[in-house]
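Residue strings, one per chain:
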Amino acid sequence: MARSKTKKIFWNAFWVDNPVFRQILGICSTLAVTNLVINTVIMDIGLVFTTVMSGVTVSLLRNVTPRRIRMMVQVLIIAAWVILFDLMLKAYVPDISKALGAYVGLIITNCIIMGRAEAFASSNKVFPSLIDGLASGLGYSLILLAIAIPREILGFGTLFKDTALQITLLPESFTKWIIMVMAPGAFFMLAILIWVIRGWTERTGEDKH
Amino acid sequence: MSFTKSRAYSVLYMFALSALFAGLLSLVKVVTAEQVADNERTAASKNLVRVFELMEITPQTTGAQLADALTKSVRPLWIVDNGGPKLVDAEPDKTATVLYRLWLALDDAGRPRAFAFPIGGKGFWGPIFGLMAVAPDGLTIRNIVWTRHGETPGLGARIEEDQYRAKFKGKQAADPAVARFRVVPEGTMGDDPHAVDQITGATQTTVVGMGKFLNDNFAQWHRYLPLLLDYLRQQGLTAPQPSTAEAPDGQE
């Protein structure tokens, strides 16, 4: 029983109510960091870390937090975990920290985190909040990677460009689609992805909304 | 009314939670401070190596390789306030007022290969800092690297991309005193030696910001060029062709 409930929480947050293609949240960072897979992976790790930690913290404090200041408390908690993540990036992966620039700090304003804290963690126990935060973060990550991988391959011909993990997939003779690593490429990819996924879920009857 | 429903509780609660998180973050900052300082030193070395194009930097390049390349070819210089600007090649003590930083790159024969100086100004989201290398003629840009900025990834942050930075190479100041570089719509700079393409979608970064500070910084560098030429002569290094720069204030 408990297992199927956990599974349902996970599946709802990960896919049925996916933050990006269903709720259209977190679009700013979705568009901005997906021109390189490595930036996307780090952003994803940051978001998963923050949704999990803020969900757990908000849930832990839910019975002692005065309702009238709960939003302020949630912002404080989210900001603290994001700053902590930023400090870690600066210390241990400075090049990625530099590449992501303002976007790490802007995780604080990502609607997904605040949305899950207010809609779920503030009224649920710690473990379900952890699962909800993890699934929302992973749902966001899945879509970002689905956008970033074709963008980097078509735009640069590589995966994990400028890192020790770099893989060159397309030959030098391939004319790079520069537009894919520019802002319009992100809009095209996101729109195509939303269209395909929502069309598919409607057809298979998964769309219950 | 119970205490937990009072305003005083809300205030105390917020204060306590803020103090708790502030303490946690301060602790992490102290613990990582040494690592961050080390990263900054490595980044500074990388920037100098990149601006002078001394070697190719890969993810495997070590700090020792960078230091070796810099020791062999680059001489750091300072312009200090000594009742007027004075160029020194030994690191000044902490009481000295440093007016400007310069780096001189020498080729294998010991001839000046390029000079580099810091540049900086206002971007869209905040200040942008970088280094510019110029040829020994003092007018032609050899290279440019950005060391710090907060521009939007995918938009203004594209100033860091190799293909955009390459557009600055070979560009010349039309007038050393005021530089007169122009930032023009993307794809229109052609062979104009004084024009650099903007980035479409990043007008605030590349036109409003960079267009101004490129000229301001170049003009500032040119005020100190005569001191550098004097230094080269004193050191017996082959001096580059002097340009039409004026001497800095108070200097012959």
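Residues numbered from 1 in each chain as written. Chains lettered and ligands numbered in written order. Predicted model: local features only at pLDDT ≥ 70, side-chain atom pairs only at ≥ 80, totals over all residues.

Participant: What am I meant to see in the interface of chain B and chain A here?
Facilitator: One frequently used descriptor of interface size is the decrease in accessible area upon assembly of the parts. Contacts between chain B and chain A engage 27 residues on the former and 26 residues on the latter. Taken together, the residues of the side of chain B that touches chain A sort by class into 15 nonpolar, 10 polar and two charged. (Contact = placed C-beta atoms within 7 Å. Nonpolar A, V, L, I, M, F, W, Y, C, P; charged D, E, K, R; others polar.)

Participant: Explanation requested: the environment of Val80 of chain B in the structure shown.
Facilitator: Residues and elements named next belong to chain B. Along the chain, Val80 turns up in strand β1 (residues 74-81). For Val80, a count of 16 C-beta atoms within 10 Å gives the class partly exposed. Along the backbone, Val80 and Val134 are 54 residues apart, and their C-alpha atoms lie at a distance of 21 Å. Setting aside anything within four residues of it in sequence, one finds Val80 in contact with Lys86, Val88, Pro92, Ala96, Thr97, Val98 and Leu99. (Helix = DSSP H or I, 4+ residues; strand = E, 2+ residues; numbered from the N terminus. Buried ≥ 20, exposed ≤ 12 C-beta atoms within 10 Å, placed from the backbone.)

Participant: Any chance you could explain the sheet that holds strand β3 (residues 98-106) of chain B here in plain terms?
Facilitator: As a general point, the strands of a sheet are linked pairwise by backbone hydrogen bonds and lie either parallel or antiparallel. Residues and elements named next belong to chain B. Ordered by their spatial adjacency, six strands build an open sheet running β2-β1-β3-β4-β5-β6, and the pairing between neighbours is antiparallel. At either end of the open sheet lies a strand with only one pairing partner, and these are β2 (85-88) and β6 (141-148). Between one strand and the next, the sheet's axes are offset by a mean angle of 25°, whatever the strand orientation. (Pairing = 2+ DSSP bridges. Axes fitted to C-alpha atoms, helices over the stretch in contact; angles between N-to-C directions.)

Participant: Looking at this model, I keep getting lost on the pairing of β2 of chain B. Mind explaining?
Facilitator: Every other side chain in a regular strand lies on the same face of the sheet, so the side chains alternate between the two faces. All names here are of chain B. Bridge analysis of β1 against β2 gives four bridges, and the strand direction is antiparallel. By the bridge assignment for β2, Ile79 is matched with Leu87. Hairpin connection of β1 to β2: three residues between the antiparallel strands, including Gly83 at a positive phi of 70°.

Participant: Sorry if this is basic, but what is going on with the packing of helix α1 (residues 7-52) of chain B against helix α2 (residues 63-73) of chain B here?
Facilitator: If you want to describe how two helices pack, look at the angle between their axes and the distance between the axes. Residues and elements named next belong to chain B. Orientation of α1 relative to α2, taken along the N-to-C sense of each, is 50°, at an axis distance of 10 Å. For the element pair α1 / α2, the angle class is oblique. Two packed elements cross with a definite hand, and for α1 against α2 that hand is left-handed. Of the residues in α2, those touching α1 at Thr42, Ser45, Lys46, Leu48 and Val49 are Gly63, Leu66, Ala67, Ala69 and Leu70. (Parallel < 35°, antiparallel > 145°, perpendicular 65-115°, else oblique. Left-handed = near helix turned anticlockwise from the far one by under 90°.)

Participant: Hey, could you run me through the nonpolar core in this one?
Facilitator: Where a protein is soluble and globular, its nonpolar side chains tend to be buried together. Judged by nonpolar contacts, the single largest core of 50 residues is most densely connected at Trp81, Val82, Ala135 and Ile147 of chain A. Counting residues per element, this core draws most heavily on helix α8 (residues 126-156) of chain A, which supplies 10 residues. Residues in contact with Ala135 of chain A, not counting those within four places in the same chain, are Ile9, Phe10, Ala13 and Phe14 of chain A. Ala116, Ala133, Ile199 and Phe218 of chain B belong to the second-largest nonpolar core, a separate cluster that totals 47 residues. (Core = buried A, V, L, I, M, F, W, Y, C linked by C-beta atoms within 7 Å.)

Participant: Please explain unusual backbone geometry as it appears in this structure.
Facilitator: Leaving glycine aside, a negative phi is the common case for residues, and trans is the common case for peptide bonds. The phi torsion at Ile24 of chain A lies on the positive side, around 50°, for a residue other than glycine. Tracing the backbone shows Ile24 of chain A in the loop between α1 (2-16) and α2 (27-32).

Participant: Is there a simple way to think about the environment of Ala186 of chain A in this case?
Facilitator: Inspection of the secondary structure assignment puts Ala186 of chain A in helix α10 (residues 183-203). For the pair Ala186 of chain A and Ser59 of chain A, spaced 127 residues apart in the sequence, the C-alpha separation amounts to 35 Å.

Participant: Please clarify how the packing of α8 of chain A against α10 of chain A should be interpreted in this entry.
Facilitator: All names here are of chain A. Running from amino to carboxyl end, α8 crosses α10 at an angle of 135°, the nearest separation of the two axes being 10 Å. By the angle class used here, α8 and α10 are oblique. The way α8 lies across α10 gives a crossing that is right-handed. Contacts between α8 and α10 involve Ile143, Ala146, Ile147, Pro150, Arg151 and Gly155 from the first element and Gly185, Ala186, Met189, Leu190 and Leu193 from the second. In the contact of α8 with α10, the residues fall into eight nonpolar, two polar and one charged.

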